[in-house]
Amino acid sequence: MKKSIMTAKGLSKSFAHNGGQVHILSGVDLDIYEGDFTVIMGASGSGKSTMLYALSGMDRATAGSVMYGGKDIVKMSERELAGLRHSDFGFIFQQMHLVSNLTLIENVSVSGYLNKKRSAAEVREKAEGLLKRMNIDHVKTNLPSQVSGGEQQRCAIARAVINEPKLLFADEPTGALNRRNTTEVLDLLTDLNINGQSILMVTHDVRAAVRATRLLYLSDGSVMGELNLARYDSAEEKSREAQVNAWLASLEW
Amino acid sequence: MDILTLLKANIRRRKGTFISIAILTFIISMALTLILSVSKSCITSFNAAHSDAKSGDVTAMIRDIAFNDEMKQKLDNETIIDHYEATPVAVMSNGMTADKSSNHNSCFFSVLPDGLKLVNRNCTGYEDNIPQLSKGEIYLSYGSKTVLKCDIGDKVTAHSNSGDYDFTVKGFVVEPTFGASNIGWKWQFISQEDYDSIYAANLAASDDDKRNNGYMVKLCKADGCGLSDGKFRRQVNLDTDIISNSWGSLTKDMSIHYTNIYSDNVLGILLVFILILAIVVLIVAGHSISTGIELDYTNLGILKSQGFGSGRIRLSILLQYLLAELVGSIIGIFAAIPLISVIASVFDPISGYITETHLALGQTLLYLLCIFAASAVFIIFITHKVCKISPIRAISGGRREIYFDSRLKAPISAKFLSSTIALRQFTSAKRRYLASIVIAAILVFFMLMVNALSSATNSKKAAKMMGIDYCDLFINFDKAKSKEELDGILDTVKNDIKTRYFHGGRYISINGEEIHCNITLYPEDIYVTKGRAPIYDNEMLITEIAADELGLKLGDKVDAARYDKHEEFIICGFYPSLSDTGMATAINGKAGEKLGVKQETGGGALELKDAERSNAVIEALEKKYGDDIEVTIADDDEAMDIYDSAIFAMKAVIYSFSLFFALIVVIMVSSKAFTQEKTDIGIFKSQGFTTGKLRIQFAVRFLIVSIIGAILGTLLGRLFINKLLSVMLRGIGITNFYSSFTFAGVAVPAAAICVCFFLFALLASRKIKKVGIRQLVTE
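Starting from 1, residues in each chain are numbered consecutively following that chain's sequence as written. Chains and ligands are labelled sequentially in the order written, the chains with letters from A and the ligands with numbers from 1. In keeping with the predicted nature of the model, local features appear solely for residues at pLDDT of at least 70, side-chain atom pairs appear and are counted solely at 80 or more, and the whole-chain, interface and lining totals rest on all residues.

With an unreviewed UniProt entry as reference, chain B is termed ABC-type transport system, involved in lipoprotein release, permease component, source organism Ruminococcus flavefaciens. Under the heading Subcellular location (unreviewed entry), UniProt records this for chain B: "Cell membrane". UniProt positions are given in the numbering used here, feature names are shortened, and annotations may be inferred rather than shown by experiment.

Under an unreviewed UniProt entry, chain A has the name Putative ABC transport system ATP-binding protein and belongs to Ruminococcus flavefaciens. Looking at chain A in UniProt, the text filed under Sequence similarities (unreviewed entry) is "Belongs to the ABC transporter superfamily."

A. Quick peek at the overall build of chain B. When helices and strands are tallied, chain B shows 24 helices and 23 strands. Projected onto its principal axes, the C-alpha positions of chain B cover 110 × 60 × 50 Å. The burial criterion counts other C-beta atoms lying within 10 Å of a residue's C-beta, which is placed from the backbone; the residue is buried at 20 or more, exposed at 12 or fewer, and partly exposed between these limits. A burial count over chain B gives 49% of its 779 residues as buried. At a minimum sequence separation of 6, the contacts of chain B that also span at least 24 residues come to 82%. Strands here mean DSSP runs of E at least two residues long; helices mean DSSP runs of H or I at least four residues long; both are numbered from the N terminus. For the purpose of contact definition, each residue receives a C-beta atom placed from its backbone, and two residues are in contact when these atoms lie within 7 Å.

B. Main features of the overall build of chain A. When you go through chain A residue by residue, the secondary structure sums to eight helices and ten strands. Against the globule reference of 18 Å for 253 residues, chain A gives a C-alpha radius of gyration of 18 Å, in line with a compact fold. When its C-alpha atoms are laid out on the principal axes, chain A stretches across 45 × 45 × 40 Å. Per-residue burial over chain A gives 48% buried out of 253 residues. Intrachain contacts of chain A at a sequence separation of at least 6 include 69% that bridge at least 24 residues. This radius of gyration counts C-alpha atoms alone. The globule rule is 2.2 Å times how many residues there are, raised to the power 0.38.

C. Focus on the pairing of strand β6 (residues 89-92) of chain A. All names here are of chain A. Burial along β6 is two-sided: F89 and F91 facing one way and G90 and I92 facing the other are all buried. Pairing of β6 with strand β7 (residues 167-171), which is carried by four bridges, proceeds in the parallel orientation. In the strand pairing of β7, I92 is matched with A170. The rule for pairing is simple: two strands pair if DSSP sees at least two bridges between them.

D. Broad picture of the sheet that holds strand β14 (residues 497-501) of chain B. Residues and elements named next belong to chain B. Pairing in this open sheet of four strands is antiparallel, and the strands run β14-β22-β13-β23 from one edge to the other. Every other strand in the sheet has two partners, leaving β14 and β23 (629-633) as the edge strands with one partner each. For this sheet, the mean inter-axis angle between neighbouring strands, taken without regard to orientation, is 25 degrees. Two elements, β14 and strand β22 (residues 600-608), share four bridges in a ladder whose sense is antiparallel. Each bridged residue has a counterpart across the sheet, and for I497 the counterpart in β22 is L608. Fitted lines through C-alpha atoms serve as axes, helices being fitted only where they are in contact, and the angles separating the N-to-C directions of these axes extend from 0 to 180 degrees. Most of the contacts of helix α17 (residues 483-491) go to strand β13 (residues 473-482), to which it runs at about 140 degrees, and overall it touches β13, β14 and β22. Sheet strands touched by helix α20 (residues 614-625): β13, β22 and β23. Its angle to β23, the strand with the most contacts, is close to 170 degrees.

E. Quick peek at the domain arrangement of chain B. Residue ranges assigned to each domain were obtained from an automatic or database domain assignment. Splitting chain B by domain gives domain 1 (56-258), domain 2 (412-467 + 637-778) and domain 3 (472-633). The C-alpha centroid of domain 2 of chain B is placed 52 Å from the C-alpha centroid of domain 1 of chain B.

F. Inspection of the interface of chain B and chain A at higher detail. Between chain B and chain A, the residue contacts involve 27 residues of the former and 32 residues of the latter. When residues of the side of chain B that touches chain A are traced back to their parent elements, those giving at least two are α14 (417-428) and α22 (678-686) of chain B. By residue number, the principal contributor to the side of chain B that touches chain A is α14(B), which donates five residues.

G. Fine view of helix α6 (residues 179-194) of chain A. Residues and elements named next belong to chain A. An ideal rise of 1.5 Å per residue puts 22 Å on 16 residues; α6 measures up with 22 Å between its terminal C-alpha atoms. Burial in α6 covers these residues: V185, L186, L189, T190 and N193. For α6, the arc enclosing every buried residue in end-on projection is 140 degrees, short of the 170-degree limit, so these residues lie on one face. Within α6, the exposed residues directed more than 90 degrees away from the buried face are R180, D191 and I194. Each element contacted by the buried residues of α6 is listed here: β3 (37-42), α5 (149-161), β7, β8 (198-202) and α7 (206-209). A helix is expected to span 1.5 Å for every residue after the first. When we speak of the arc, we mean the arc of directions from the helix axis to the C-beta atoms.

H. Spotlight on the confidence of the model for chain B. Residue and element names in this part refer to chain B. Confidence in the prediction of chain B, expressed as mean pLDDT, is 86, and 93% of residues score 70 or more. Confidence scores labelled pLDDT are given residue by residue by the predictor and lie between 0 and 100. The spread of mean pLDDT over the elements of chain B runs between helix α16 (residues 460-466), the lowest at 65, and strand β18 (residues 539-542), the highest at 96. As a predicted assembly, this complex carries a pTM of 0.72 together with an ipTM value of 0.81.

I. Up close: the UniProt feature "domain: ABC transporter" (unreviewed entry) in chain A. Mapped onto this structure's residue numbering, the UniProt feature "domain: ABC transporter" (unreviewed entry) falls at residues 6-245 of chain A. The straight-line gap between the two end C-alpha atoms of residues 6-245 of chain A is 28 Å; of that span, 36% is helix and 28% is strand.

J. The pairing of β7(A), seen in detail. Residues and elements named next belong to chain A. In terms of residue burial, β7 counts as a mostly covered element, since five of its five residues are buried. Here β7 shows no split at all, with L167, F169 and D171 on one side and L168 and A170 on the other all buried. Of the strand pairs in this sheet, β7 and β8 are connected by five bridges, and their pairing is parallel. Paired with L168 across the strands is I199, a residue of β8. With respect to chirality, the unit in which β7 leads through α6 into the neighbouring parallel β8 is right-handed. Crossover handedness is defined by viewing with both strands directed away from the observer: a clockwise path from the first strand over the helix to the second marks the crossover as right-handed.

K. Looking closely at the sheet that holds strand β1 (residues 4-17) of chain A. Residues and elements named next belong to chain A. Taken in spatial order, the four strands of this open sheet run β2-β1-β4-β5, and their pairing is antiparallel. Each edge of the open sheet carries a strand with a single partner, namely β2 (20-33) and β5 (71-72). Here five bridges tie β1 to strand β4 (residues 63-68), and the two strands are oriented antiparallel to one another. Opposite S12, over in β4, you have A63 as the bridge partner.

L. The packing of helix α2 (residues 15-52) of chain B against helix α10 (residues 310-346) of chain B, seen in detail. Interhelical geometry of α2(B) versus α10(B) gives an angle of 35 degrees and a closest axis separation of 6 Å. For the element pair α2(B) and α10(B), the recorded crossing hand is right-handed. Should the near helix be turned counterclockwise from the far one by less than a right angle, the crossing is left-handed, whereas a clockwise turn marks it as right-handed.

M. Quick look at unusual backbone geometry. Look at H97(A): it is not a glycine, yet its phi comes out positive at around 50 degrees. Here H97(A) is to be found in the loop between β6 and α3 (104-115).

N. Quick look at the nonpolar core. Residues and elements named next belong to chain B. In these notes, a nonpolar core means any group of buried Ala, Val, Leu, Ile, Met, Phe, Trp, Tyr and Cys residues linked to one another through C-beta atoms within 7 Å. Counting 253 residues, the largest nonpolar core has A440, L443, V444, I753 and F757 as its most contacted members. Counting residues per element, this core draws most heavily on α2, which supplies 18 residues. Shared between two domains, this core holds at least three residues of each, these being domain 1 (56-258) and domain 2 (412-467 + 637-778). Aside from chain neighbours lying at most four places away, what touches V444 is G709, A710, G713, T714, P749, A750 and I753. Within the second largest apolar cluster, 26 residues are counted, among which are C517, I545, V558 and Y575.

O. Highlighting helix α12 (residues 361-382) of chain B. Residues and elements named next belong to chain B. For α12, with 22 residues, the first-to-last C-alpha span of 31 Å sits near the 32 Å given by 1.5 Å per residue. The set of residues buried in α12 consists of T364, Y367, L368, I371, S375, I379 and I382. All buried residues of α12 lie within an arc of 110 degrees about the axis, which places them on one face of the element. For α12, exposure combined with an orientation more than 90 degrees from the buried face picks out G362, L369, C370, A373, V377 and F381. Packed against the buried residues of α12 are α2, α8 (261-295) and α10.

P. Quick look at the UniProt feature "transmembrane region" (unreviewed entry) in chain B. Residue and element names in this part refer to chain B. Under the UniProt annotation, "transmembrane region" (unreviewed entry) lies at residues 18-38, 266-285, 322-344, 364-383, 433-453, 648-669, 698-721 and 741-764. When the span residues 648-669 is considered, its composition is 100% helix and 0% strand, and the gap between its end C-alpha atoms is 31 Å. Helix makes up 92% of residues 741-764 and strand 0%, and the two end C-alpha atoms of the span are 33 Å apart.

Q. Quick look at the packing of α3(A) against helix α4 (residues 120-133) of chain A. All names here are of chain A. Running from amino to carboxyl end, α3 crosses α4 at an angle of 135 degrees, the nearest separation of the two axes being 9 Å. On the basis of their axis angle, the class for α3 and α4 is oblique. Relative to α4, α3 is oriented so that their crossing is right-handed. Counting all contacts with α3, which are made through L104, I105, V108, S109, G112 and Y113, the residues of α4 involved are A120, V123, R124, K126, A127, L130 and L131. All residues other than Ala, Val, Leu, Ile, Met, Phe, Trp, Tyr, Cys, Pro, Asp, Glu, Lys and Arg, Gly among them, are scored as polar; the first ten of these are nonpolar and the last four charged. Of the residues that constitute the contact of α3 with α4, the class distribution is nine nonpolar, two polar and two charged. Angles are sorted into four bins: roughly parallel if under 35 degrees, roughly antiparallel if over 145, roughly perpendicular if 65 to 115, and oblique for all others.

Set out below in structure tokens:
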């Protein structure tokens, strides 16, 4: 029996536009389970990124609730949400979004310092370890503009996990990467998940989707389908890809 | 049309920048209009008063004994004189007293001549007619109202060698030659009956040596005389000896100089400040344009791809800023108009005339035109980077990184996370903050300058170096004392005395030029800046200003004349003096005797080694010399009061302008920085930074900027303020301005700027609250 770490009920998001309302999410009910590599797929404009941001508290839902740790994220104050971001959640953006005037090691460490669970020395040690694990320790004192996109994204992953988040959000983390870097980043995420990290990722790339243990399909602001998979094994990549493609075809992807 | 469309779009999109530049120019324009118009109003009003009073180009106060037929003949024969007019005057050698104040300088009493104007009761204009004076009534020159602190109906007493005379103040008239409160001599007006009786009494009290009656002689240049007032006076004196035989004289130029000395200097310093603020506006505009181009890189690339040339884009930017400056300037001129009369009237009690309002539109427009021209050149220079924008690169998002004009990596500390990140943000984009640093430095520099002005008179050392007799005690004797008697008196308290100021002022002519001369009984106590004190009776000290004016240097020989006596002196040194706004000399008592001045004194002043001992010294002197001596503590200096109030007004203007400029500059610079860093703010928020932390981080950066600016401004101030003020205050006789820069004097302006930059940036950072992490999403 899987343990739910986040439950969304009636999650809605709409925007005012030209005097009317545009509904992006329409009453989504959803559970995110501990240890899962959950992937949300959908066509462009289906609301998948909006849902990711609403679930992570990065953006406020118009209606509904997102229960996490017994509290409704939707009703949390800005200060509580800030606390959540540096203690329980990690976030990876499609465009990496590293702070451009901080070096890679500093980008990772600053998030660690915010958390205050560890001493500064411990944070630095952990950041060093993560960069090594991400295989970018040789460029750790470089600024983001001085490294490749793949290295930037690996740094962003290190930053996202420095505080050992209970849930890692990733918004199209491979969207801005080339094929080689995409594989490296997906391998890292898979590796994290195998080691127990819960991940919620948005993507429209089937190669990324096959890394999931659970796939959700979003269309017109609602979850239209779900597919559960076994843990990823690179040897089974082709068959998983075929399985996912077939599932997507059934949903008229 | 395309330019117009672009211009409208730019203004619409950058309303904040447009309004900020317009506000800054509004302040500059309003201040310029005020300064130039008040200055014009003062000069025009003075000239009108001079013209109404038919004052001469030179006015000499000559002893009756010297104004004989021979002198009149010489004046009649003088070709450079058109005509002269002599008004008989009775001299009140010992000045005047009123209930609240007194003037110890000589006053000259006559009946009211034609042409003088009577100030109305509210002191806002003039009466149409001047009522006749009855016995016991007096019209005082307007500046005496300030000096004697009296009003209509008050009693005043005039002290002559023949006795004391009481009068009731009937009103105040504008006597333009000596009327300013800062000119010692005063020409006052009484009824014919009173004049006749005082004249007779004075005549009876006169002897060959001491004359108590004389003439106020107005000398007017002949039409073809192209000489300046000073040279005219010198030439007339060389031909007729009239100045050498006078108690003193004043040219029209000198009269204007003394009369408007406060307004000229206060307005002069403010004008320099405002022109520097105009440079600040250019710096702010330059920064705004530069960052605007960076932010608009893509749009400008698109415009280029659509056929807009760099020239047209640059022209649209130029027009946008010039239009803002034009709007601000026009509003500024109109806003200043009602204030001109208010500001001008502030100087009336000092200058001794009612200032009529004159708008200096032509001069203001000329200044503004120069500012516009400088602005246009600067903008054309700044916008050259538009030429480097490649349409293809811009459209494909190939904009250069905003950061990294430096690789300097200030360390990030876990303990001071916000502050160290702020420091990193600053060091990563130093160029962006360069303008703010320069502006903070300029503002601190000016605030320090005005502090230096206000603190200069509070410091003994500073006052001495600038030529102010800084004293602790005033001493007055019932009867004049000889040098030997004075030595005996001062010997009683010799261990407490630091400096002895016992000197009498006389006007002598040096190489034919009339110069104030301090005949000092203790030349060794004079503060000498170069050379040495005049120990011998053929030595003379001179101020730098007088030496420059007369072309004299150390070791030069000069011919000094007083009345009919001529003596040769050697310039033995330079000294600072504020007497006659720096046109002064000093000789010792024996040298004075050679020019016919007795070595005696009616009083003087002392500077003590320890001011705390003042009461003990008073007690010791009064105990020994009883009723023969009056010793008072020197704590109420009229001249310093006026000086202090003028400085206070200037301080208020400079401080308030500086802080207001700081507000506008910080808001402009921070709003650009905010736009540039929106993404970073979103990233920090996504990592768990709260809005409060980010706002502090944002404001700390401006604190760092202002601290660097304040340090720079303080260093520049330390190096240049004394020199700059020495040049600027030369007009009032200060060639050696000195300010010691106390800790408070430096800390207050620096702290004010730093706190304001921090608070204003914190205020401007309210927008951070509105930045959503959602903006980081790339769909």
